[in-house]
Amino acid sequence: MRFIFSLICLITFNISAQEVKILMIEDKYSNSVEEISVLASDETTKHGEYRLYEYDRLNVTGYYSNNQKDSTWKEYDYKGKKVVKEYNYRDGLLQGEYKEFFNDGNVNISGKYNGGLKEGHWDIYDSKNNIFESGDYSKGKEIGI
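Residues numbered from 1 in each chain as written. Predicted model: local features only at pLDDT ≥ 70, side-chain atom pairs only at ≥ 80, totals over all residues. Heavy atoms only, no water.

Participant: Teacher, can you tell me more about the pairing of strand β6 (residues 83–90) here?
Facilitator: One face of the sheet, then the other: side chains in a regular strand alternate in exactly this way. Note: strand β5 (residues 68–76) against β6, six bridges, orientation antiparallel. Paired with W73 across the bridge in β6 is Y87. The turn joining β5 and β6, which pair antiparallel and follow one another in sequence, is formed by six residues; a positive phi near 80° is taken by G80. Note: β6 against strand β7 (residues 93–101), five bridges, orientation antiparallel. When the bridges of β7 are listed, K85 appears paired with E100. In textbook terms, the turn of a hairpin is the stretch between consecutive antiparallel strands, and for β6 and β7 this stretch comprises two residues, one of which, D91, has a positive phi near 55°. (Pairing = 2+ DSSP bridges. Helix = DSSP H or I, 4+ residues; strand = E, 2+ residues; numbered from the N terminus.)

Participant: How should the environment of L39 be read in this particular structure?
Facilitator: With respect to the secondary-structure elements, L39 resides in strand β2 (residues 32–39). For L39, a relative accessible area of 8% translates into the label buried. Here the alpha-carbon distance between L39 and K21, two residues 18 residues apart in the chain, equals 6.3 Å. Look past the residues within four positions of L39 in its chain and what remains in contact with it is Q18, E19, V20, T45 and H47. (Buried < 20%, exposed > 50% of the residue type's maximum accessible area, 1.4 Å probe, protein only. Contact = heavy atoms within 4.5 Å.)

Participant: Is there a simple way to explain the packing of aromatic side chains in this structure?
Facilitator: Describing an aromatic ring pair means giving the distance of the ring centres and the angle of the ring planes. Counted according to the given criterion, the structure contains ten aromatic pairs. Seen from their ring centres, Y98 and Y113 are 5.8 Å apart, and the 70° between their planes marks the pair as edge-to-face. Residue Y98 is found in strand β7, and its partner Y113 is found in strand β8 (residues 107–114); the two are separated by 15 residues along the sequence. Here Y98 and Y113 have matching classes, each one buried. A ring pair is formed by Y113 and W122, whose centres lie 5.4 Å apart and whose planes are at 85°; its orientation type is edge-to-face. Over the ring of W73 we find K69; its NZ or CZ atom is 4.8 Å from the centre of that ring. (Phe/Tyr/Trp six-rings, centres within 6.5 Å; stacked < 30°, edge-to-face > 60°. Lys NZ or Arg CZ within 6 Å of the ring centre and 35° of its normal.)

Participant: I tried to follow the nonpolar core on my own but got confused; where do I start?
Facilitator: Within soluble globular proteins, side chains that are nonpolar tend to cluster in buried spots. Grouped together as the largest cluster of nonpolar side chains are 15 residues, with contacts concentrated most on Y50, W73, Y87, Y98 and W122. Among the elements of the structure, β2, β3 (42–54), β4 (57–65), β6, β7 and β8 are those that each provide at least two residues to this core. Not counting residues up to four positions away in its chain, the partners in contact with Y50 are E34, E35, I36, V60, T61, G62, Y64 and W73. (Core = buried A, V, L, I, M, F, W, Y, C linked by side-chain atoms within 4.5 Å.)

Participant: What's the story with the confidence of the model for the protein in this structure? I'm lost.
Facilitator: Per-chain confidence: the protein averages 89 in pLDDT, with 88% of residues scoring 70 or above. Within the model, the stretch residues 1–16 combines pLDDT values under 50 with zero contacts to residues more than four positions away or in other chains. (pLDDT = per-residue confidence, 0-100.)

Participant: What's the story with the pattern of salt bridges in this structure? I'm lost.
Facilitator: Pairing is possible between side chains that carry opposite charge, provided their charged atoms lie close to one another. For the structure on display, the rule yields six salt bridges. Residues K99 and E97 are paired through a salt bridge, measuring 3.6 Å at the closest nitrogen-oxygen approach. Salt bridges here are not isolated pairs; linked through shared partners, they connect E35, E49 and R51. (Salt bridge = Lys/Arg side-chain N within 4 Å of Asp/Glu carboxyl O.)

Participant: Explain the sheet that holds β7 here, please?
Facilitator: Pairing between sheet strands relies on hydrogen bonds along the backbone, with the strands arranged either parallel or antiparallel. Spatially, the eleven strands line up as an open sheet ordered β1-β2-β3-β4-β5-β6-β7-β8-β9-β10-β11, and their pairing is antiparallel. The open sheet is flanked by β1 (20–27) and β11 (141–143), the only strands paired with a single partner. Each neighbouring strand pair of the sheet contributes to a mean axis angle of 20°, computed without reference to strand direction. Where β2 lies against β3, seven bridges are found, and the strand directions are antiparallel. (Axes fitted to C-alpha atoms, helices over the stretch in contact; angles between N-to-C directions.)

Laid out in structure tokens, this is it:
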């Protein structure tokens, strides 16, 4: 019985899974290379992991779902090692937590997005991790003091 259930799950997964392939797009003028997962059946549809390298260093990582940015995206420092920005997308719009970091890893800016617009409380910190500036947003507009 367990074997039949596993087999049904495997068949269902294979039917719903879409085959992807990786495209490498090089831009010699900007010294960058994009590594883009696309549907094997339609190379114009981005679907899967995305990486951008500039001067042979990792610059941006993310994920596409049916041509729209989705999940967590990260931007890296000039060495391609430390995360300097981290944010989320859902259905191609910024959604959820947004953070920028200092070189030491401490948070510089934090807030949230809802449907691509700033929403709720946002803080900007100084290099000693003290709140430097603070404010609230509603539908992308500052509210209050």
